[in-house]
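A closer look at the structure
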Amino acid sequence: MRASLSCRWSSSVRAPQSLPWWPALVLWPGLCGPALAFEVFEGFQVHGFLTQGYFLTSKNNNLFGESTDGGSLGFTEIGANASWVPRPDVQLAIQGLSRRAGGASEGEPELDFALLDYAAVETVDRRLGVRAGRVRLPLGLYNDTRDVAFTRPSILLPQSIYFDRARELAISGDGILFYAEERGAWGNFMLDFAGPYFQRIGTENAEFGIFGFELPGDLESRVSFMGRLIYETPVQGLRLAITGARLLAKYNPRFDPSQDLGPGDDTFEPLIFSAQYEAEHWSLTGEYARRRTKDEGFSSEAFPNFDLDIVGESYYVQGIYRIDPHWEMVLRYDVFYANVDDRDGSKTEAATGTPSSFQFAKDWTFGVRYNITPSWMARAEYHNVYGGTVYLLSQDNPDPFALDKKWDIFALLLSYRF
Amino acid sequence: MLRHGVVLVKCARPALAGPSKGKRTGSMFRELALCLILLCGWPARAVAEEVVVAVNPRTPAGEATTRNTLSAIFAMRLRAWEDGTPIRVYVLPDNHAVHIAFCKQILGVFPHQYRAAWDRLVYSGTGQAPLEVESEEEMRARLAGTRSQRPVVVGSEQEMRARVAVTAGAIGYLTRKMIDESVTVLPVE
């Protein structure tokens, strides 16, 4: 979200744990049962996924564990969900997730979503309903299922918009979501509006995601809103979307102003425009985002210049070509600017000492995907990155000044789903 | 015929349109030739026979349906028939020639688009996936309300009612030659 640096409270890098055992219990029926759709009894389904990644990075830049020397297997995603439709207009759904991703998470179980969905109106051309609980947030094209490797266009999502380090803030929230769909000859409109809801700011990951380091006091979510309107045009395969959000968090300091930040308010307002054209053998996708970040009241005796009000910008263009049902290629150019008034990061470097590579990113990605069966998939991917050190987890890279400005990522991934 | 078989089985599908399955044992050369043809971009030949929408005889779908209704049903965003009976959707695997033909010919959508839509529902907690069956024989049996190709003897009137209740909303698709008295064709207007 925003690149700020401080070594004052940076936590030490924790050793990655071994794989947790509990997901095996929930995955077992899927592995033994039929491929895809596993129906336990009428209206009750169980699904899941299992992904293992390998990351090799150049120079000193660690991605998901210590990835520079011989690579890292520190990336694992295991998830299982259950859904029950007791009557056609009601659905209960829950998904648990275990994610190993370098220093950000060590595989501890997390509740991904747990919701009650009620469709008040459901006809051929109209839907109107509400979800309550921990709901998936409507953000851009890829957030809805961002932990499921099968649904991603590449191993790593375009980081300029789908920051992995801020994943918990983007993926789901606790509150209410309203949805409406209207279909007709002029196209289809799909509106999702989440709010009021609270952001998932329960762990230090949220603080790392927003500020780049762990705060001494407590960060808490305030009532937030996010909405997305998708328009599927009458031109078959062309969809457009706009996402807007207002995410608020409040900081309660633990120490006095000589050692801590002030009691500040963090406001994050992203606006994302998305477009996607899907043909039989290829697709073209682009997203453009403008983000306003405003911090007020944080500046203190110890941190006199902490407050800010900046606008960031991101975009990517991505082409996918399906050679046959098994093979697929992806090519993408992904650009990020933390502050549109300092696109090369030089002003920030001069003023604060923060390396300029934290203020922008230009990432060329080329990847191949091989669908082994409908439930097994393998991928390989190469990234050439200029800047982009803000994408790296502070937890894996305690010294920001040791990071390289030009670096590469090579990644492999194997995934199973049912 | 597992991994490599995926391609061969698919290419061998046109033989299904023939009078008997025995023809599938035709020469390897012909299968390879068909594979080449398919790779060169004549996938429309994969299923020579017409694919039709099939429902359980008790499914309250009316006399006919529309493409819009079918789109909503197979996208899993319409979950009840007009009288409130839950809709049960059966599909063949993504790479099955009959599934590909159904998606393209009847719904006008590519199979991977449906898979993406179902994944979005399943992994975001906003819906459910259709029920997947392995073969057309199994599809017909499920639509008819029997789990196997043999008639099922039900133990009691209650079980019969329960079974009918489950299958009364069933909908799927079959090649026309698979249609018999156990399932009903639902015409698409």
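Quick look at the structure, then.

What counts and what doesn't
Sequence positions are assigned chain by chain, starting from 1 and proceeding in written order. Chains and ligands are labelled by the order in which they are written, letters from A for the one and numbers from 1 for the other. Only residues with pLDDT of at least 70 are given local features in this predicted model, and only at 80 or more are side-chain atom pairs given and counted; all residues enter the totals for whole chains, interfaces and linings. Only hydrogens and water are set aside; all other atoms, that is, all heavy atoms of the structure, feed into the side-chain values. Any two residues whose heavy atoms approach within 4.5 Å at even a single point are treated as in contact. When two parts are brought into contact, each loses some accessible area as probed by a 1.4 Å sphere; the total of that loss over both is the buried area. Criterion for a salt bridge: a side-chain nitrogen of Lys or Arg within 4 Å of a carboxyl oxygen of Asp or Glu. To obtain each axis, a line is fitted to C-alpha atoms, and for helices this fit is confined to the stretch in contact; angles are then taken between N-to-C directions over 0 to 180 degrees. The secondary structure listing takes helices from DSSP runs of H or I that are at least 4 residues long and strands from runs of E that are at least 2 residues long, numbered from the N terminus. Put simply, Ala, Val, Leu, Ile, Met, Phe, Trp, Tyr, Cys and Pro go in the nonpolar bin, Asp, Glu, Lys and Arg in the charged bin, and everything else, Gly too, in the polar bin. Exposure categories follow from relative accessible area, calculated using a 1.4 Å probe and restricted to protein chains: below 20% of the type maximum is buried, above 50% is exposed, and the middle band is partly exposed. Here, a strand pair is defined by DSSP locating no fewer than two bridges between the strands. In a helix, the anticipated span is given by 1.5 Å times the number of residues less one.

**Here we look at the interface of chain A and chain B**
Size of an interface, as often reported, equals the accessible area lost when the parts are brought together. Across the boundary between the two partners, chain A contributes 48 residues, which contact 36 residues of chain B. Of the roughly 3500 Å² buried between chain A and chain B, counting both surfaces, carbon and sulfur atoms make up 52%. Looking at the side of chain A facing chain B, the largest losses of area belong to A:Pro88, A:Val124 and A:Glu280, adding up to 16% of the total buried there. At the junction of chain A and chain B, the tally comes to four salt bridges.

**Regarding the packing of helix α3 (residues 67-74) of chain B against helix α4 (residues 97-107) of chain B**
All names here are of chain B. The contact between α3 and α4 brings their axes to 11 Å, and the two run at 140 degrees. Touching Arg67, Leu70, Ser71 and Phe74 of α3 are Phe102, Ile106 and Leu107, all from α4. Along the lines of polarity and charge, the residues of the contact of α3 with α4 split into five nonpolar, one polar and one charged.

**Notes on the pairing of strand β4 (residues 170-175) of chain B**
All names here are of chain B. The buried count for β4 comes to six of six residues, which makes it a mostly enclosed element. Here β4 shows no split at all, with Ala170, Gly172 and Leu174 on one side and Ile171, Tyr173 and Thr175 on the other all buried. Both strand β1 (residues 51-55) and β4 contribute to a ladder of five bridges, which runs antiparallel. Residue pairing across strands places valine 55 opposite isoleucine 171, the latter belonging to β4.

**Some remarks on helix α5 (residues 111-124) of chain B**
Residues and elements named next belong to chain B. Its 14 residues place the ends of α5 20 Å apart at the C-alpha level, agreeing with the 20 Å of an ideal helix rising 1.5 Å per residue. Taken across its 14 residues, α5 has 11 buried, putting it largely inside the fold. Taken together, the buried positions of α5 are occupied by Pro111, Gln113, Tyr114, Arg115, Ala117, Trp118, Asp119, Leu121, Val122, Tyr123 and Ser124. Just downstream of α5 lies glycine 125, where phi reads positive at about 75 degrees.

**Describing the sheet that holds strand β5 (residues 184-185) of chain B**
Residues and elements named next belong to chain B. Reading across from one edge, β3-β2-β4-β1-β5 is the order of the five strands in this open sheet, with mixed pairing throughout. What marks the edges here is a single partner per strand, and that holds for β3 (131-132) and β5. Bridge count for β1 against β5 is two bridges, and the pairing is antiparallel. Looking at β5, one finds that alanine 54 is bridged to valine 185. Here α4 sits on the sheet and contacts β1, β2 (88-91) and β4; the angle it forms with β1, its principal contact strand, is near 95 degrees.

Interpretation note: all reported values are geometric properties and have no functional meaning in isolation.
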